[in-house]
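Chain residues, written in single-letter form:
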Amino acid sequence: MAGCSQNGDARTEPDPVAPDSTGTVGIRQVEFVDRGTEGTERHLALNVFYPAEAAPADAEPFPMPFYTDVTVYPDLAPADNERHPLILFSHGRGSNGLMYAWFAQELASRGYIVAALNHYRANTYDSSIVYLANKLWQRPKDLTLTANFLVGDAFWGTLIDEDRIGVSGHSQGGFTSLWIGGARVNAEKYLDFQRGWKNNRAVPQHLRDQLPLDAAPALDVADPRIKAVFAMAPGIIQAFGMDKAGLHELKLPTYLIVGARDTQTPPDENAEFAAQNVPGSELNILPGDVDHEIFTNECNQIGRDEFPEACIDAPGVDRTALHREIADAASRFFDSHLRG
């Protein structure tokens, strides 16, 4: 979660950014129900960030109790009636879309609409090993369902250019970005991954009974509307069953970015491996002691106290500066391929 010194010293939190007609970002919380998957109702919740009109002087920013450097305003009117590119965002395993609000805010302030969903039964507030592991293929399906909903919605459909859709994500969400962009998993290797959880006796038996052994739903999850892929610290690519041949199937413009000292998704096994096998892809390895959580929000003191493992970076790592670099890279990349 945050870029701060390891000593955890208190610091004065910055004042919210003054409302401005240029770069103001609105946020709307949206929920919809998918009734077409597995014959059940699946509730999907997302946070949509968008270019907005200037906030009134008395407007209260959206509450972010653990984070700083995020100033977005609920339910403001859109800045204009133009159609904007859409970026679908996939969060890391067991987290949620708001943990990446800084990234969504940066892109929205530059003219993008960013849909940061909470993956079904695989997020901070509602999760099950069934969806965190063996039904992993539901992640790209969630993104497709989100795009379907937004472009067909009476409000959002007038603001989104459905011919300019990109995808981004972090960690398991980075893998999801590659997957929905066209990379494929090897059926037998994906089954091996599923078997690993099915046979994991640390998982209670009643949950193991719900774990499917079926690779078929994982084999065709690409969404042809996606035009560009920006993957942050993707992983665990090979363990999920994505091999060299599968990565070669990703033909879209692809940008991979990862910290040099990522301890959760080591670059050589993941981002570097993908870059070597996705045709024409770009790779950016952030030097120094940059670890996995650099891609989540900057924390305030409460966040640092509550979540030190996610909020406190190695000495010398400046998360604020790295966020600027990451946002600039993402903006240049998407501008080139969605606006060029």
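Residues numbered from 1 in each chain as written. Predicted model: local features only at pLDDT ≥ 70, side-chain atom pairs only at ≥ 80, totals over all residues. Heavy atoms only, no water.

**Examining the overall build of the protein**
Along its length, the protein carries 11 helices and 11 strands. Here the protein has a C-alpha radius of gyration of 19 Å; the compact-globule value for 340 residues is 20 Å, and the two agree. Counting only C-alpha atoms and orienting by the principal axes, one finds that the protein spans roughly 55 × 50 × 40 Å. By residue count, 55% of the 340 residues in the protein fall in the buried class. (Helix = DSSP H or I, 4+ residues; strand = E, 2+ residues; numbered from the N terminus. Rg over C-alpha atoms; globule rule 2.2 N^0.38 Å. Buried < 20%, exposed > 50% of the residue type's maximum accessible area, 1.4 Å probe, protein only.)

**Points about the state of the cysteines**
All chains considered together, the criterion is met by one disulfide. Covalent S-S linkage joins cysteine 299 and cysteine 311, the inter-sulfur distance amounting to 2.0 Å. Here the disulfide of cysteine 299 and cysteine 311 is left-handed, its torsion about the S-S bond being about -60 degrees. Within this pair, whereas cysteine 299 is found in the loop between β11 (282-286) and α9 (301-306), its partner cysteine 311 is found in helix α10 (residues 308-311), the two being separated by 12 residues in sequence. An identical accessibility class is assigned to cysteine 299 and cysteine 311; each is buried. (Disulfide = S-S within 2.5 Å.)

**Looking at empty space enclosed by the protein**
Which parts of space are left empty comes out when a probe the size of a water molecule is rolled across the atoms. The full count for this structure, using the stated rule, is one cavity of 30 Å³ or more. The computed volume of the largest cavity comes to approximately 40 Å³. Tyr50, Pro51, Pro78, Ala79, Asp80, His84, Ile113 and Leu159 are the residues that line the largest cavity. Along the lines of polarity and charge, the residues of the lining of the largest cavity split into six nonpolar, one polar and one charged. (1 Å grid on protein atoms, 1.4 Å probe; cavity = no way out; pocket = protein on both sides within 12 Å on 5 of 7 lines; lining within 4 Å. Points joined across faces, edges and corners; volume = space filled by probe spheres on them. Nonpolar A, V, L, I, M, F, W, Y, C, P; charged D, E, K, R; others polar.)

**Details of the pattern of salt bridges**
This structure, assessed with the given rule, holds 15 salt bridges. Among the charged side chains, a salt-bridge network with shared partners connects Asp34, Arg42 and Asp142. (Salt bridge = Lys/Arg side-chain N within 4 Å of Asp/Glu carboxyl O.)

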